[in-house]
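Coordinates in review
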Amino acid sequence: MSKIFKQEPVLLHKTGPQVMQEINACIGCNECLLACPALAEPITIDRLNHETVAGAISPAVARFARTCYQCGACVSPCPVGLHRDAMMMWLKVRLIRDDWRG
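Throughout, a residue's number is its position along its own chain's written sequence, starting from 1. Whole-chain, interface and lining totals are the exception, using all residues; otherwise, since this is a predicted model, local features are given only for residues with pLDDT of at least 70 and side-chain atom pairs are given and counted only at 80 or more. Neither water nor hydrogens contribute to the side-chain values; these are computed over all heavy atoms in the structure.

The next thing to look at is the nonpolar core. Nonpolar core, defined: a set of buried Ala, Val, Leu, Ile, Met, Phe, Trp, Tyr and Cys residues in which side-chain atoms within 4.5 Å join the residues together. Summary of the burial criterion: residues with accessible area below 20% of their type's maximum are buried, those above 50% are exposed, and those between are partly exposed, where the area comes from a 1.4 Å probe applied to protein chains only. Grouped together as the largest cluster of nonpolar side chains are 18 residues, with contacts concentrated most on Leu48, Phe64, Met88 and Leu91. In DSSP terms, a helix is any run of H or I states spanning at least four residues, a strand is any run of E spanning at least two, and both are numbered starting from the N terminus. Breaking this core down by element, the ones donating at least two residues are α2 (31–35), α3 (45–53), α4 (59–67) and α5 (84–101). Considering every element that reaches this core, the biggest residue donor is α4, with five residues. Any two residues whose heavy atoms approach within 4.5 Å are treated as being in contact. Leaving out residues up to four positions away in the same chain, Phe64 has contacts with Leu33, Cys36, Ala38, Leu39, Ile43, Leu48 and Met88.

Listed below in structure tokens is the structure:
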């Protein structure tokens, strides 16, 4: 008998305080990045967390955010149940805003 898995809805965007709460809850294990099929160059989870919400976005993090296609592979391996996909959407919005501002 095969198991039937109920797929949970994926949150693609959260508010700033919700994203900060998730980033603060991150234990830095890198499991999300290890599971990501879009990560082409090494990025530390600390760097990704910081640049998701503050300061300048480095070229490496920007490239990673642009190649992320929101597949959700980063969600299930997280031992604390964080939604890296939602955090990545937040980062993508920051990039779009930065591009728009020039």
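The next point concerns the pattern of salt bridges. Criterion for a salt bridge: a side-chain nitrogen of Lys or Arg within 4 Å of a carboxyl oxygen of Asp or Glu. Tallied over the entire structure, the rule returns two salt bridges. One salt bridge connects Arg63 with Glu41, and the closest N-O pair in it is separated by 2.9 Å. One end of the pair, Arg63, is in helix α4; the other, Glu41, is in the loop between α2 and α3, and 22 residues separate them in sequence. Judged by relative accessible area, which is 44%, Arg63 ranks as partly exposed. Residue Arg47 pairs with Glu51 through a salt bridge whose shortest N-O separation is 3.3 Å.

Right, let's get into α5. Structurally, the α-helix is built with 3.6 residues per turn, so residues lying three or four positions apart point the same way. By this rule, a helix spans an expected 1.5 Å times one less than how many residues it contains. With 18 residues, α5 should reach 26 Å at 1.5 Å per residue; the first-to-last C-alpha distance of 26 Å fits that figure. For α5, the full list of buried residues reads Arg84, Asp85, Ala86, Met87, Met88, Trp90, Leu91, Lys92, Arg94 and Leu95. Against α1 (16–25), α2, α3 and α4 lie the buried residues of α5.

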